[in-house]
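Listed here are the chains, written in short residue letters.
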Amino acid sequence: MTALLLTLKKQPELPVDLSPLTPDKLKGKSKAQISAIKLINGKDKTPVSTLFSVSGSDTENIRIQRSCRQLTHIGEDMSFGEIQVRGDAGNYLGKHMHGGHIKVSGHSGDSTACGLKGGLIEIDGDVGDRLGANFIGELHGMSDGTVIVSGNAGHRVGERMRRGTIVVRGHVGEYCANWMLAGSIIVLGKTGNYLGNGMKRGTVILTKKPRHMIATFRHCGLLKIEFLRLFFKQMALANKEFNFFRNFGPEAIRFAGDVSCEGLGEILVLKNARISK
Amino acid sequence: MKIKSTQIDDTFAEAFKMWASRIIITAETKQWAMAAATSMTGFATSVIGCKCEAGIEREIPVNETPDRRPGVSVLLFAMDALGLGKRLVERVGQSVMTCPTTACYSGLESEKTVVVGGQLRYFGDGFQISKKLAEQRLWRIPVMDGEFLVDERFGVQEAVGGGNLILLGKDMKTTLRAATAATKAMRTLTGVILPFPDGVVRSGSKVGSRYKSLMASTNDAYCPTLRGVRPNSELGEDVNCVLEIVIDGLNESVVRSAMQIGMQAAAKPGIKRISAGNYGGNLGQYKIDLYSLLDGDKP
C-alpha cells in the first residue's frame with residue numbers, strides 16, 4: 001500500500017481548509033470518496049479532485065506535494081498517522097492535534113501547533129507568530145506534544161502554553177513564553193523583547209544571552225540543574241538531529257519570574273551563553 | 001544428599017508473597033550515592049520489626065543511570081503495595097532527599113505504581129516544579145544544594161520474600177566464613193537482596209512465644225546452648241554454630257538461583273548441614289525444596 005499522494009494542481013487564490021484530510025477522517029475511504037470531499041475554499045466548497053491530483057491509498061500516510069501557504073488547518077485534530085508536507089504550510093498547521101506526526105519541508109504560517117494536545121510536528125523552515133499558543137478564544141495553548149522548528153519563529157511563541165516542548169533552532173520574536181503556564185521552550189538562537197512576560201510557571205532554555213530581560217525576572221545565580229541532563233538526554237533520544245544536546249551540561253544561570261504573577265517560571269541560560277548580570 | 005562433605009537436609013524454605021520496588025539513587029560521586037543507599041536500607045531487616053525489608057542490589061555505572069551520574073540500586077520489600085508506598089515516601093524523604101547531590105528514580109517498569117515524588121513535592125512549599133518527559137513525571141524540589149529530582153511514581157510489583165538457608169557448622173569461625181562466601185556469591189545476582197546485617201542473621205525465629213505479646217521468638221531448636229534442654233533440638237553433637245541467610249527477590253526464580261549458588265558456596269569443610277526454615281508449609285505461598293535446587297533425586 002503506497003502513501004496517499006495529494007499533488008496540488010494550481011496554487012489557490014484563497015485559503016483552502018485541509019482539516020478534512022487527516023488520517024482519522026480519511027480512514028476507510030476509497031480514492032473516489034476522497035476525491036469527492038469538498039474543501040472550504042474562501043466562501044466556496046471545492047472538491048479535492050479539483051485542487052489536487054490524488055493517487056495512492058494509505059490514508060495513514062499522507063503526502064501533500066507542491067504545498068503552499070494557502071493550504072491551512074493541515075492535520076487539524078489528527079490523532080494518529082503521518083502527514084508529510086512538501087513545500088510550505090498555511091496557518092493553523094496541527095491545530096488541536098492529539099497524536100501522530102506532521103513534517104513540513106518548507107515554512108509554516110501563524111498559529112502553528114496552536115492548542116496542540118500530543119504528537120510531533122517538525123518544520124524545516126520558519127514559522128509565523130503564535131507557535132504553540134492558544135487558539136483564539138481559548139484559555140490554554142498547547143497542552144502536550146513536541147514541536148521542532150529548524151528555522152526562526154515569530155512573536156508570542158508558546159503563549160499560554162500549558163505543557164509539552166517547543167524547540168526553535170533559530171531565533172524567536174517578541175513576547176516568547178508570554179503568560180506561559182507550564183511546559184518547556186528551547187531557543188538556540190536569539191530571543192526578542194519581553195521574554196517571559198507574565199510567565200506563571202514553565203521553563204525557557206536559552207543558549208544565548210537574551211537581548212532584553214524584563215524587570216520582573218530575578219537572577220538566581222549559576223546552578224547545576226540535574227533535570228537538564230534528563231531533558232537533553234530525552235531530546236537526543238527522541239530525535240537524532242538533537243544529538244548535540246548530549247553535550248549540554250546541567251549548569252545554567254537561572255532567572256525566576258515573572259514575579260508580578262506567581263513567579264514560578266524560569267529562564268535558564270546555559271553556562272556557555274556567557275550572560276552578564 | 002551431599003555437596004562435598006556437607007549434608008543437605010530434605011526440607012524446603014517457605015517463602016512469602018511480598019511487594020517490591022527498585023529505587024535508583026544517583027549522586028555527584030559514588031560515595032554520596034552509596035551514603036544515601038546505606039541510609040535508606042538501614043533498619044530494614046525484617047517486616048516484623050521494621051515494616052519493610054531493604055538492601056542494596058548493586059552499584060550502577062554512569063552509562064546506565066538516567067542522568068549519567070554514579071548510581072546505586074536499592075530493592076525495598078513490604079507485605080502490600082500500600083505499605084510499600086508509605087515506606088518509600090518515608091525512606092526516600094528521610095534518607096535520599098536529605099543526602100547531598102542525590103536524585104532518585106523508579107527502577108521498575110511496572111503497570112502498578114505508587115506515588116512517591118508526588119507526596120514529597122510538598123516539601124517544596126509551593127516552589128516545587130513538575131516536569132514531564134514522555135510519560136515520566138518528575139518533581140524538582142528546591143533544597144539547599146540546588147534541587148532534589150525525584151520521580152512522581154515508582155513502579156511496584158509482586159515479589160518473593162523469606163527465601164532462606166540455614167548453615168549448621170562445627171564452630172563459629174567456620175560457619176561465619178561459609179556464610180560470608182555464600183552471601184558474596186549471592187550478591188552477584190541482580191533482583192535479590194539479603195536484608196540482614198551483611199546478609200546474615202543469627203537470631204532466627206519461630207512463630208509464637210510463651211509470652212502473649214510476642215508473635216515470634218527465638219528458634220530454640222537451632223540454639224546450641226539449648227541442645228541438652230530442648231527435646232526438639234535439631235542440632236547434633238558436632239554442630240556448635242548456626243547462621244541463617246534470608247533472601248528477598250523480585251521473583252521466585254531469582255530467589256531459587258540465589259539459594260542454589262549460596263548452597264554451593266557455603267558447602268565447605270566444617271559445615272555439617274545446610275537446612276532451610278519453614279512453618280510446615282502452612283504460612284508461605286512458595287515452597288523451595290533444597291533437593292530440587294541441586295537438580296538431584298532424593299536419596
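None of the values given here were measured: they were computed from a predicted structure. (Residues numbered from 1 in each chain as written. Chains lettered and ligands numbered in written order. Predicted model: local features only at pLDDT ≥ 70, side-chain atom pairs only at ≥ 80, totals over all residues. Heavy atoms only, no water.)

A. Geometry of the overall build of chain B. Of regular secondary structure, chain B possesses seven helices and 17 strands. On C-alpha atoms alone, chain B measures out to a radius of gyration of 21 Å, which is about the 19 Å that the 2.2 N^0.38 rule sets for 299 residues. Here the C-alpha coordinates of chain B stretch approximately 65 × 45 × 30 Å along the principal axes. The burial tally for chain B puts 53% of its 299 residues in the buried class. Within chain B, contacts between residues at least 6 apart in sequence are counted, and of these 74% link residues at least 24 apart. When the accessible surface of chain B is totalled, it reaches about 13900 Å², and 52% of it is carbon and sulfur. (Helix = DSSP H or I, 4+ residues; strand = E, 2+ residues; numbered from the N terminus. Rg over C-alpha atoms; globule rule 2.2 N^0.38 Å. Buried < 20%, exposed > 50% of the residue type's maximum accessible area, 1.4 Å probe, protein only. Contact = heavy atoms within 4.5 Å. Areas by Shrake-Rupley, 256 points an atom, 1.4 Å probe, with all protein chains shown as cover.)

B. How the structure looks around the overall build of chain A. Of regular secondary structure, chain A possesses four helices and 17 strands. Over its C-alpha atoms chain A spans a radius of gyration of 20 Å, differing by no more than 12% from the 19 Å that the globule rule assigns to 277 residues. When the backbone C-alpha atoms are referred to their principal axes, chain A occupies close to 65 × 35 × 25 Å. Residues counted as buried form 55% of the 277 residues belonging to chain A. Summed over all atoms, the accessible surface of chain A reaches about 11400 Å², with 48% contributed by carbon and sulfur. Averaging the locations of the 38 positively and 25 negatively charged side chains of chain A gives two centres separated by 3 Å. (Lys, Arg positive; Asp, Glu negative; His and termini not counted. Charge placed at Lys NZ, Arg CZ, Asp CG, Glu CD.)

C. Quick peek at the pattern of salt bridges. Taken as a whole and assessed by the stated rule, the structure comprises 27 salt bridges over all chains. Measuring nitrogen to oxygen at the nearest pair gives 3.9 Å for the salt bridge that ties Glu262 of chain A to Arg201 of chain A. With Glu262 of chain A in the loop between strand E16 (251-257) and strand E17 (265-270) and Arg201 of chain A in the loop between strand E13 (184-187) and strand E14 (203-206), the pair connects residues that are 61 residues apart, well separated along the chain. Given the relative accessible area of 26%, Arg201 of chain A is considered partly exposed. Through salt bridges with shared partners, a single network forms among Lys224, Glu226 and Arg229 of chain A together with Glu28, Asp67 and Arg69 of chain B. (Salt bridge = Lys/Arg side-chain N within 4 Å of Asp/Glu carboxyl O.)

D. How the structure looks around the pairing of strand E3 (residues 38-41) of chain A. Residue and element names in this part refer to chain A. Side-chain alternation along E3 places Leu39 and Asn41 on a buried face and Lys38 and Ile40 on a face that remains uncovered. Where E3 meets strand E4 (residues 44-47), four bridges bridge the pair, whose relative direction is antiparallel. Within the sheet, the bridge partner assigned to Leu39 lies in E4 and is Thr46. (Pairing = 2+ DSSP bridges.)

E. Geometry of the side chain of Arg91 of chain B. All names here are of chain B. With respect to the helices and strands, Arg91 occurs in helix H3 (residues 81-96). Although Arg91 is buried, it makes no salt bridge; Glu90 carries the closest opposite charge, 5.4 Å away. Reaching out from Arg91, the side chain makes a polar contact with the backbone oxygen of Gly42 at a distance of 2.8 Å. In contact with Arg91, other than residues within four places in its own chain, are Met40, Thr41, Gly42, Phe43, Ala44, Cys50, Cys52, Leu76 and Val96. (Polar contact = N/O pair within 3.5 Å; in protein donor to acceptor, adjacent residues only side chain to side chain.)

F. Expanded view of a nonpolar patch on the surface. On the surface, Val207, Tyr279 and Leu283 of chain B cluster together into a nonpolar patch covering about 260 Å² of accessible area. Looking at the secondary structure, you find Val207 of chain B in strand E13 (residues 205-207). (Patch = residues over 30% accessible without salt bridge, like charges linked within 9 Å, V, L, I, M, F, W, Y side chains within 5 Å.)

G. Main features of the domain arrangement of chain B. Residue and element names in this part refer to chain B. The domain architecture assigned to chain B consists of domain 1 (2-14 + 159-293) and domain 2 (19-157). With centres defined by C-alpha atoms, the gap from domain 1 to domain 2 works out at 30 Å. With 13 residues of domain 1 in contact, the opposing surface of domain 2 contributes 17 residues. There are zero salt bridges connecting domain 1 and domain 2. (Domains from an automatic or database assignment.)

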